[in-house]
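# Analysis of the macromolecular model
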Amino acid sequence: MKTIFVILMGITLAFFPVGVKKLFFKKDSLSKRMLAVLVPASFSLIAHCILLFVTKEFPAYLVYAFYFAFANWMSVGVLAFCVCYTNSDIHNKVIKFFVVPVSIIDTLLLFANVFNHFLFTIHKIQYGSGEFFRYSFSLFLVGRLVFTYGLFVYSFIIILKRFLKEPPTLRVKYYSFLIYLALITFINILYLGLDSPYNYSIIVYAFCFISSYNVLNRAVPNILIQHVLGRIADELKNGIVLLDNDGLCIYVNAFVKQNFECGKDEILHNEVFADYFSRRKEAILEPMDSFSCEVEYQSERKRLTLNICDYIIKDGESIVGRYYLIEDITALKNQAYEEKLLRTRDPLTELYNKEYFFEKVAHRLKYDRFTKYYLIISDIVNFKLVNDLHGKPFGDTILRRSADAIRKYAARDVIYGRLYNDHFIMLVPKRRFDEEVYANAFKNDMSYLQNFSYNLIIHMGLYEIDDLTMPVPVMCDRAFLALRSIKNDYKTAFAYYDDHLRQEVLKLQMLMNELPVALKTNQLKMYLQPQVTKNGTLVGAEALVRWHHPIRGIIPPGEFIEIIEKINIISDVDRYIWECACAKLAEWKRAGKTNLTISVNISARDFFTMNLLETLVNLIKKYEISPKSLNLEITETAVIYDVENQLNVLDKLRELGFIVEMDDFGSGYSSLNMLKDIAVDVLKIDMAFLQKSKDDAKSHKILEKIIILAKELGMKVLTEGVESDKQIDFLSAAGCDLFQGYYFSRPVPVNEFEEKYFR
Ligand code: C2E
Ligand code: CA
Ligand code: CA
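Residues numbered from 1 in each chain as written. Chains lettered and ligands numbered in written order. Predicted model: local features only at pLDDT ≥ 70, side-chain atom pairs only at ≥ 80, totals over all residues. Heavy atoms only, no water.

## Focus: the site of ligand 1
Around ligand 1, 21 residues are found, and the nearest of them are Gln 529, Asp 574, Ser 603, Glu 723 and Tyr 742. At 3.1 Å from an oxygen atom of ligand 1 is found a side-chain nitrogen or oxygen belonging to Glu 542. In the model, an oxygen atom of ligand 1 is placed 3.1 Å from a nitrogen or oxygen of the Asp 664 side chain. With the chains in place, 78% of the 790 Å² that ligand 1 exposes on its own is no longer accessible. The cavity where ligand 1 resides is the second largest pocket. Where the shell around ligand 1 is concerned, the elements lending two or more residues are β14 (538-549), α18 (570-590) and β18 (659-665). When residues of the shell around ligand 1 are assigned to their parent elements, the largest contribution, 4 residues, is made by β14. Among the residues forming the shell around ligand 1, the class breakdown is 9 nonpolar, 5 polar and 7 charged. (Near = heavy atom within 4 Å. Polar contact = N/O pair within 3.5 Å; in protein donor to acceptor, adjacent residues only side chain to side chain. Areas by Shrake-Rupley, 256 points an atom, 1.4 Å probe, with all protein chains shown as cover. 1 Å grid on protein atoms, 1.4 Å probe; cavity = no way out; pocket = protein on both sides within 12 Å on 5 of 7 lines; lining within 4 Å. Sits in = over half its atoms within 2 Å of the grid points. Helix = DSSP H or I, 4+ residues; strand = E, 2+ residues; numbered from the N terminus. Nonpolar A, V, L, I, M, F, W, Y, C, P; charged D, E, K, R; others polar.)

## Notes on the UniProt feature "transmembrane region" (unreviewed entry) in the protein chain
Those places that UniProt annotates as "transmembrane region" (unreviewed entry) correspond, in this numbering, to residues 6-24, 36-55, 61-85, 97-115, 135-160, 172-192 and 198-216. Taken end to end, residues 6-24 comprises 100% helix and 0% strand; its first and last C-alpha atoms sit 27 Å apart. Annotation note: span residues 61-85, helix share 100%, strand share 0%, distance between end C-alpha atoms 36 Å. (UniProt positions renumbered as here; feature names shortened; annotations may be inferred.)

## Focus on the pairing of strand β16 (residues 597-601)
Burial within β16 is extensive, with 4 of its 5 residues counted as buried. Across 3 bridges, β14 lies against β16 in parallel orientation. Bridge assignment links Gly 540 to a residue of β16, and that residue is Thr 597. Taken together, the 4 bridges between β16 and strand β17 (residues 630-635) define a ladder with parallel strand orientation. The partner of Ile 598 across the bridge, within β17, is Leu 630. (Buried < 20%, exposed > 50% of the residue type's maximum accessible area, 1.4 Å probe, protein only. Pairing = 2+ DSSP bridges.)

## With respect to the layout of surface pockets
Reported here for the second largest pocket is a volume of approximately 1200 Å³. Forming the boundary of the second largest pocket are 39 residues, of which Leu 544, Ile 561, Asn 601, Asp 663 and Asp 664 lie nearest the centre. Secondary-structure elements contributing two or more residues to the lining of the second largest pocket are β14, α17 (561-566), α18, β17, β18 and α23 (687-691). Taken together, the residues of the lining of the second largest pocket sort by class into 17 nonpolar, 10 polar and 12 charged. (Points joined across faces, edges and corners; volume = space filled by probe spheres on them.)

## Concerning a nonpolar patch on the surface
Together, Ile 4, Ile 7, Leu 8, Ile 11, Phe 15 and Tyr 200 line one region of the surface with nonpolar side chains, adding up to about 570 Å² of accessible area. Mapped onto the secondary structure, Leu 8 falls in helix α1 (residues 2-24). The exposure class assigned to Leu 8 is partly exposed, which follows from its relative accessible area of 35%. (Patch = residues over 30% accessible without salt bridge, like charges linked within 9 Å, V, L, I, M, F, W, Y side chains within 5 Å. Salt bridge = Lys/Arg side-chain N within 4 Å of Asp/Glu carboxyl O.)

## Focus on the coordination of the calcium ion (ligand 3)
The protein atoms donating to the calcium ion (ligand 3) are Asp 663 (OD), Asp 664 (OD), Glu 720 (OE) and Glu 720 (OE), with metal-donor distances spanning 2.1 to 2.9 Å. All donors of the calcium ion (ligand 3) belong to a single chain; written as a sequence motif, their spacing is D-D-x55-E. The two metals, the calcium ion (ligand 3) and the calcium ion (ligand 2), are separated by 3.8 Å and share Asp 663 as a common coordinating residue. According to the relative accessible area criterion, Asp 664 is partly exposed, its value standing at 25%. (Donors = N, O, S within 2.8 Å, 3.2 Å for Na, K, Ca; no water.)

## A short note on the coordination of the calcium ion (ligand 2)
Any two of four tetrahedral donors ideally make an angle of 109.5 degrees at the metal, while pairs among six octahedral donors ideally make 90 or 180 degrees. Ligation of the calcium ion (ligand 2) by protein atoms is provided by Glu 542 (OE), Asn 601 (OD1), Glu 633 (OE) and Asp 663 (OD), these donors lying 2.1 to 2.3 Å from the ion. Of note, the donors binding the calcium ion (ligand 2) are all from one chain and are spaced E-x58-N-x31-E-x29-D. The exposure class assigned to Asn 601 is partly exposed, which follows from its relative accessible area of 25%.

## Points about the sheet that holds strand β12 (residues 494-496)
The strand order across the open sheet formed by 5 strands is β9-β10-β8-β11-β12, and the pairing between neighbours is mixed. On the outer flanks of this sheet lie β9 (415-420) and β12, each paired with one strand and no other. Between one strand and the next, the sheet's axes are offset by a mean angle of 20°, whatever the strand orientation. When strand β8 (residues 373-380) meets strand β10 (residues 423-429), the two strands line up antiparallel, connected through 6 bridges. When the bridges of β10 are listed, Leu 375 appears paired with Leu 427. Where helix α11 (residues 354-367) meets the sheet, its contacts fall on β8, β9 and β10, and the angle it forms with β9 comes to roughly 145°. (Axes fitted to C-alpha atoms, helices over the stretch in contact; angles between N-to-C directions. Contact = heavy atoms within 4.5 Å.)

## Description of helix α20 (residues 612-623)
Spacing of three or four residues puts side chains on the same side of an α-helix, whose turn is 3.6 residues. The terminal C-alpha atoms of α20, which comprises 12 residues, lie 17 Å apart, in line with the 16 Å expected from a rise of 1.5 Å per residue. Among all positions in α20, only Leu 612, Thr 615, Leu 616, Val 617, Leu 619 and Ile 620 are buried. Against α18, α19 (606-609), β17 and α21 (643-655) lie the buried residues of α20. Glu 624, located one to two residues past α20, shows a positive phi value of around 50°. (Expected span 1.5 Å × (residues − 1).)

## Brief notes about empty space enclosed by the protein
Scanning the entire structure with this criterion turns up 4 cavities of 30 Å³ or more. Estimates place the volume of the largest cavity at around 370 Å³. In this structure, the largest cavity is lined by 26 residues; those nearest its centre are Tyr 67, Ala 71, Asn 188, Asn 199 and Tyr 205. Looking at the lining of the largest cavity, the elements with two or more residues in it are α2 (29-53), α3 (57-86), α5 (139-165), α6 (168-193) and α7 (201-235). Taken together, the residues that form the lining of the largest cavity break down as 18 nonpolar, 7 polar and 1 charged.

## Here's the deal with the sheet that holds strand β5 (residues 292-298)
Hydrogen bonding along the main chain pairs the strands of a sheet, whether they run parallel or antiparallel. Reading across the sheet, the 5 strands line up as β4-β3-β7-β6-β5 and stay open at both edges, with antiparallel pairing between neighbours. Each edge of the open sheet is held by one strand with a lone partner, namely β4 (249-252) and β5. Strand-to-strand twist in this sheet, taken as the mean axis angle between neighbours without regard to direction, amounts to 25°. Relative to the sheet, helix α9 (residues 271-282) contacts β3 (239-244), β5, β6 (303-315) and β7 (318-328), its axis offset from that of β5 by approximately 150°. This element, helix α10 (residues 330-344), spans β5, β6 and β7 of the sheet and lies at about 135° to β6.

## Some remarks on the packing of aromatic side chains
Summed over all chains, the structure comprises 41 aromatic pairs. Ring geometry for Phe 58 and Phe 115: centres 6.0 Å apart, planes at 50°, overall tilted. Linking Phe 58 in helix α3 with Phe 115 in helix α4 (residues 90-116), this pair joins segments that are 57 residues apart in sequence. By relative accessible area, Phe 58 is classed as partly exposed at 44%. What makes Phe 115 exposed here is its relative accessible area of 65%. Measuring from ring centre to ring centre gives 5.6 Å for Tyr 135 and Phe 137, while their planes differ by 85°; the resulting arrangement is edge-to-face. Here Tyr 135 falls in the buried class, since its relative accessible area comes to 8%. Linked through ring pairs, Tyr 61, Tyr 64, Tyr 67, Phe 68, Phe 120, Tyr 135, Phe 137 and Phe 140 together constitute an aromatic cluster. The residue whose ring lies beneath Arg 134 is Tyr 135, and the NZ or CZ to ring-centre distance is 4.8 Å. Here Arg 746 stacks its cationic end above the ring of Tyr 742, 4.0 Å away from the centre of that ring. (Phe/Tyr/Trp six-rings, centres within 6.5 Å; stacked < 30°, edge-to-face > 60°. Lys NZ or Arg CZ within 6 Å of the ring centre and 35° of its normal.)

So, in structure tokens, the structure goes:
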């Protein structure tokens, strides 16, 4: 019995130095307190073992003194440990001023008792086959026992108080400790009740201390970490699904529970993972590989876009588990979607914008190489007029309704968008296109225009895509070209890009390339068209440009003026013609024909590309001609950009003696208004405008009134485009001074002109 007990004690004791050594090097106060428990406990244990072998009375008293004293200091240590562990510093005072002094007195008394036995005595008892020294209970022993157990109870209360204060999560920190304290106290009381010399409770003590230290230092923090991490995981905006190494789900966080309405046992069978697993399978991956993909999850309550990725958890080389991270990317996707809308849609009609339409078409044509398609551009005829007459909001309504009509009538495989202004664009499979359907699509939905007197006419330009390698913008140009070919045609609604148009384009392209050369090599010639009085007396001529093309022959300006403007050489051409006119005037002057004038055309651009005043003054100086002989024709549309400055230039020119003529009067609808702002010497009315009207009587009236008005404003009136004697009779009766037109002569080369009039 004794041997077994001693071996057990020996084993227990063997742990102590290890613990002491470990604690000794630790800096934290908790470890220091633990050391203050462990050291007296070791000594008390050693003393107890020695007691079993002591046979003399004096050493027995001495060892008992050690045994009791160390046991007490150990209890003091436990109390100090509890105070430190619970951070309840107020109890430190009790320890310092009561517990420690009492314990010192107790220790002194215990050693005093070794010599005079006045506090307790010991006596030999027979236990089994051996003899042991046993103490007899005295008042002192009972008193100090109460004190020592009091310390335990005190410790217990401190821990309990803290335990009750803590939230459930943190209680784990204390309850294991409470259990140990209760266990130690219980075993101790049990030992007191038995009359055995073997105090097994000491072994329980040792066990409790070692394990409590481990629990407090390792297990408790781990549990806490688990709790805290669990909390953090629950707060996450992402889902976490944790699997053990057998692939069994052992944890899901709050995100998973809330969003998929299932726990860890069901989650892997939830549809959210069905898609993921099948995609993972398709990807043919090793079990160790990570895989991520986007999945859509739809429940009755919500629709989520998720990104799922799995990760292997390893401990060294071996796999200990796996977890899935489920990211909610719905907001991101929505934002991306909205951004895409902004980027791809026309804000007014919400149809595709130009760029995105082009992108879509390019994509379609890349993957669908066998369907025949039309690229169609629509145009609302005279839309500008609608805007001007009814206001922009009304114009916008028309555009939106037109967009609705396209949405409604376009088949599913039609791609459509808004190009700009009133131009919509569509990619329509050829077999689906029907002129009648498309013509009516816009008209059917015009019922909202009830009080709108204007009859909307829709034009469409179509390009049948025959070359898939062509960039979409070029296809678009072709559809536009077709559209433009019916610009002033109110009867034709559809125009197809064809060979003829292609030729036109090629021609245009060629002219564009050739014109700068033509200008440099004098292929541009000045023609003159006479300006006469009603009985045919010559007063001057208008200088009009002609292109003597080496291959194509004579090309009229109508075919190239626009190009000249586009390639920015209009001012060079003008200046060239002015120079020709001045040279001719100088020649005529030398020949004594000083009264003749030549009218030259001034383009809008000339005001900006050069110093107009200086250029013209330099010209008349250079050729020594009178400014009165060089007449300047401007159109009202030439004076619209920097009006104030332009009017200023015109005033100065007039002051210098130049005659300024208002060309093409009547072409815009604000002409009359312009007259009050632009001071000119001659009003040049174009017959062509009035000929458009069906009501002759009415246009005659208008002409009459305009002439009267011009006269009243002190202007001369010249009518151009006169082709019949009837017109001349009427116009001269109305007060027109001068005439220009085919009736008298077409524009002719200078030598022809001179031959006719100077011979
Ligand atoms: P515009 O200045 O109004 O010139 C008058 C146009 O009317 C000329 O056409 C002339 O040939 C045409 N015309 C004259 N009489 C009649 C007639 O009785 N009936 C008809 N139907 N037409 C008649 P053209 O020469 O083809 O010139 C067209 C336009 O080109 C001119 O219109 C002018 O705006 C522009 N243009 C011509 N030469 C020049 C130039 O040197 N510089 C600039 N900037 N523009 C020019
Ligand atoms: Ca003119
Ligand atoms: Ca004119």
